[in-house]
Amino acid sequence: MNQFWQGARTYFNTASFKKVSKRIGFFFAGVVALILISSAVVALYFNTNKEEIVTQINAKINENITGTIHIGDIKYKFLKGFPNMTLALSQVELKDSLWVFHKRTLLKAQQIEIRIDLWDLVSNEININKIEIQQATLHLFKGKNGIVNTHIFRAKPKGEKTKSATTSTFDEVIMDQVHFISENQMGNKLFDFDILALRSKIAFKDENWQTNLYLKTLAKSMAFNTKRGSFIKNSMVEGVLKVDFSNAKNQISVSTTNFGIGPEFFDIKAHFSLDANKSPFDIAIKTSILWREASALLSANISAKINQFDLKNPINVSCSIIGDMNAKGDPEIIVKTNIRDNELKIPDGIITDCTFDATFTNQYKKGAGCNDVNSTITLTDFSGKYKTIPFKIPIGIISNFEKTTAAGSFKSDFNVSRLNEIVTKDFIHFSDGQAKVNLEFKFDILDLKIQQPLFTGNVDVKNATVNYGPRNLTFVKTDIELDFTEEALLIKKINFKDRKNKVFMEGKIDNFLTLYYENPEKMIVNWDIYAPFLDIKQFVGIITNSGQKATKKKNTKDDFSSELYAVIDKCQVVLNLKADQMVYSKLEATNAKATILLVNNQLIVKNGWVQSSGGTISFDGKLVPKDDLFFLQSNTQINRVDIARFLTSLNNFGIQSFQPKNIKGFLSASTSVQGTLLSGGQLKINSLAGSAKFKIDQGALIDFEPITAIGKYAFPFRDVNNIVFRNLSGNFDINGALVGVKDLKVSSNVLNLDVNGVYSFGRGTNLALTTPLRNPKKDELITDKVERAEKRNKGIVLHLLAVDEEGKIKIRWDKNHE
């Protein structure tokens, strides 16, 4: 290697090398000098012939336009584009002949550079093979009345042969900082781009041409319909476009791969017709993109709707846009995508394991226009999981983006316990069982809320256990059949079991879905309830249970629980109850039936009827919550019940002065009372108030202390321990612990007794007793009622008082009797 460099140094110092080097230097110097001299000659030629050249340029332009062009100055660019001549035109304005009407300047540029073939120029020909536009505005305009600013080029005379494109068309186009506007007021279209850079070298073949065009531009507006908003608004667009022009088709074709729009990349193919009357175009776009990134590139009327949704992973999307640049209205838009194992966010939650095919079109019915009314989204083979609940939508169609409707079919098959992911445990808790859903649906959508829904089909639940927390209700081994018809929701086979109670339920809700979403307070749930055995106190305890307050706390899962609870709380429930056997404390009844209404958190009982204590009891009433208590109002009709059994079953109403064993007979009564129930169904002590009328047939008092206490002094020879009534009736006014006794008449075989005053369940008894001393035993033989009444108080009459002294009933003389 050293020998090589040493030999090279020796050669460089030889006379022959220096001679060659000198000749090469002279050659390059001559070339440079020739270029400089040629450029100087060209510059001299331009300056000498500037007026003629400008005239030729103007003539070249004016022979092809009908408008006016203004050029502030023309300068020669020394050496640029050599050996051709490069001219710089400054302050250029190009206007069509109708400018005074529309005021839109077609072209306004700070500088335009054009490259002219020098040899053609010497031959008095102007052929521009390159144009470079800088700091310009190019504005294409079409007004509402059809007036345009592009009719600036003259039509060629008929029969004139077209020159070769290579001698009359630009070979290269460059744009820097050019503001391009295409404003079509007739078609409501606006394309507005800030072109930062455009580079295009054009290859011609006969009358066709092709170029690879580099473009970098800011899309300020690409509105196919300005009323709907712009696509790719304020997005940076950059890439290389392969552009082909076909003279035969009078069409420009564009294709590109990895074309950047905003942060995403697209494959695009497009065709644009250059026909003067109709300018159809079609654009096909493919990409893999995130949902929100895609939404940002769409027009406002579309993105505003789909922004309510989101997909976690990128999706493969193809989009076609087909329209006419000269036509009114939107172009036809078709978007297709295939979603696989993605995560879909919807307003009500998240759908996981989401797979489906989707197609959007704004021309669902051909010929009905490209608009929101004719827009649809079609979903096919949709499957996913909401929370952990799997479901399928074989087909679903969302139609009419002005008055949006959705229709399709919905299927699901899952373990009922999966519903615990949707509702809170304190509200409803599920265990066991399997649910199958098969529904056809149709509903309106307003602001992403379901309106006027219609479901047809069925929901079947087998062997489920459900606990309803607010009332502590447990439905065990429950089979539920829900049949959705166009008129109503039919609810079948619900079995309720709670402690001693077992209930079979069937129900119907007319116009269920519409009322659920729009007017739950108008919803009426009709239940037919049958119970072999029912504990009323326990049943009332469930209804009066205050545990419902727990559900009002903030729901940590979603709003579904609170929404469902609100509907249950607002709706009206009608229970048509039948029970073979029913108990309330010790009161037993059979063949019970009643209509129970739950309205505005009130329980209303109508047409209640039971058989009890050998007779019948009919009743109605109302139960209204008030703070932690419950206001009770009741009207009752009692018909010939065994009074001893009846009083025993009701704990003798708390009376201590006598026991049910002291009285016999058949009681008929009517009561109208109100009182207070405690949470759990117990009657609050001394809370009753109202009135009662009663009558006892075939009655008897056995060892009744208030009578026996008098009888052993006043009637020592009568059997006061066993008094048989011919008639016992009276009126009571009840006020807590006090009972006002009015016209209580006792007609018996031992004595007659009239009672008035106040009886107290506690302290404060003060009863006036009027007792004739005559023996009424033979009065039962008198058949004339008037005669019997006149004879009732003959003879000596005792006027006594039964008063409370230190908790015991004492008998004393009534000095102030009437």
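Our subject is the structure that appears above.
Numbering of residues starts from 1 in each chain and follows the order in which that chain's sequence is written. Confidence filtering applies because this is a predicted model: local features only for residues at pLDDT of at least 70, side-chain atom pairs given and counted only at 80 or more, and all residues used for totals across whole chains, interfaces and linings. Heavy atoms from the whole structure form the basis of all side-chain values; hydrogens and water molecules are not counted.

(A) Just the overall build of the protein chain, in detail. Elements are defined by DSSP. Helices are runs of H or I of four residues or more, strands are runs of E of two residues or more, and each kind is numbered from the N terminus. From N to C terminus, the protein chain includes 13 helices and 38 strands. Throughout this description, buried means an accessible area under 20% of the type-specific maximum (1.4 Å probe, protein chains only), exposed means over 50%, and partly exposed covers the range between. A burial count over the protein chain gives 42% of its 818 residues as buried. Here, two residues are considered to be in contact whenever any of their heavy atoms come within 4.5 Å of each other. Long-range pairs, those at least 24 residues apart, make up 52% of the contacts in the protein chain with a sequence separation of at least 6. Reported accessibility uses the Shrake-Rupley method at a 1.4 Å probe radius. Residues are deemed covered only where the shown protein chains occlude them. Summed over its atoms, the accessible surface of the protein chain is roughly 44,800 Å², and 55% of this surface lies on carbon and sulfur atoms.

(B) A look at the nonpolar core. With 160 residues, the main nonpolar core has Ile-112, Phe-382 and Trp-527 as its most contacted residues. Beyond its immediate stretch of four places on either side in the chain, Ile-112 contacts Leu-87, Ala-88, Leu-89, Val-92, Leu-107, Ile-131, Glu-132 and Ile-133. To qualify as a nonpolar core, a set must consist of buried Ala, Val, Leu, Ile, Met, Phe, Trp, Tyr and Cys residues joined through side-chain atoms within 4.5 Å.

(C) Representation of empty space enclosed by the protein within the structure. Buried and open spaces are told apart on a 1 Å grid over the protein atoms alone, a cavity being a set of points where a 1.4 Å probe fits but cannot get out and a pocket being an open set with protein on both sides within 12 Å along at least five of seven lines. Residues with an atom within 4 Å of a point are the lining residues. Grid points are joined across faces, edges and corners, and a volume is the space filled by probe spheres set on the points. Applying the stated criterion across every chain, the model contains one cavity of 30 Å³ or more. By volume, the largest cavity amounts to about 120 Å³. Along its surface, the largest cavity is lined by 16 residues, and Asn-301, Ile-302, Asp-330, Ile-333 and Asn-362 are the ones closest to its centre. Counted by class, the lining of the largest cavity contains six nonpolar, seven polar and three charged residues. Here the nonpolar group is Ala, Val, Leu, Ile, Met, Phe, Trp, Tyr, Cys and Pro; Asp, Glu, Lys and Arg are the charged ones; every other residue, Gly included, is treated as polar.

(D) Quick look at the packing of aromatic side chains. Two aromatic rings, drawn from Phe, Tyr or Trp (for Trp, its six-membered ring), form a pair once their centres lie within 6.5 Å of each other, and the interplanar angle then sorts them: stacked below 30 degrees, edge-to-face above 60, tilted otherwise. For the structure on display, the rule yields eleven aromatic pairs. On the basis of an interplanar angle of 85° and a centroid distance of 5.4 Å, the ring pair of Phe-191 and Phe-224 is categorised as edge-to-face. Taken as a pair, Phe-191 in strand E6 (residues 189-205) and Phe-224 in the loop between strand E7 (208-223) and strand E8 (235-246) lie far apart in primary sequence, 33 residues in all. Taking 5.8 Å as the distance between ring centres and 35° as the angle between the ring planes, the aromatic pair formed by Phe-360 and Phe-401 counts as tilted. With Phe-360 in strand E15 (residues 349-361) and Phe-401 in the loop between strand E17 (389-399) and strand E18 (404-415), this residue pair connects regions lying 41 residues apart in the sequence. Look at Phe-401 and you get buried, because its relative accessible area is 11%. Put simply, the rings of Phe-191, Phe-224, Phe-231, Phe-272 and Phe-281 pair up and form one aromatic cluster. Above the plane of the ring of Phe-666 lies Arg-640, whose end atom (NZ or CZ) is 4.6 Å from the centre. Two conditions define a charge sitting above a ring: the NZ of Lys or the CZ of Arg must be within 6 Å of the ring centre, and it must be within 35 degrees of the ring normal.

(E) A look at the pattern of salt bridges. The working definition used for a salt bridge is a side-chain nitrogen of Lys or Arg within 4 Å of a carboxyl oxygen of Asp or Glu. As enumerated under the stated definition, the model contains 13 salt bridges in all. The partner of Arg-340 in a salt bridge is Asp-357, and the shortest N-O contact between them spans 3.0 Å. Pair noted here: Arg-340 is in strand E14 (residues 332-346) and Asp-357 is in strand E15, with a separation of 17 residues, a long-range link. Here Arg-340 falls in the partly exposed class, since its relative accessible area comes to 47%. Here Asp-733 and Lys-742 are joined by a salt bridge, their closest N and O atoms 2.8 Å apart.

(F) Examining unusual backbone geometry more closely. In this structure, Gln-135 is a non-glycine residue whose phi angle is positive, near 50°. Its place among the elements puts Gln-135 in strand E4 (residues 128-142). Its relative accessible area of 46% is what places Gln-135 among the partly exposed residues. Phi is positive for Asn-188, close to 55°, though the residue is something other than glycine. Its place among the elements puts Asn-188 in the loop between strand E5 (172-184) and E6. Under the relative-accessibility criterion, Asn-188 is labelled partly exposed at 23%.

(G) Looking closely at the environment of Asp-194. You can see Asp-194 is positioned in strand E6. Taking the relative accessible area as the measure of exposure, Asp-194 reaches 24% and is therefore partly exposed. Put simply, Asp-194 and Phe-180 are 14 residues apart on the chain and 6.2 Å apart in space, counted from C-alpha to C-alpha. Residues contacting Asp-194, with those up to four places away along its chain left out, are Val-178, His-179, Lys-216, Thr-217, Leu-218 and Lys-220.

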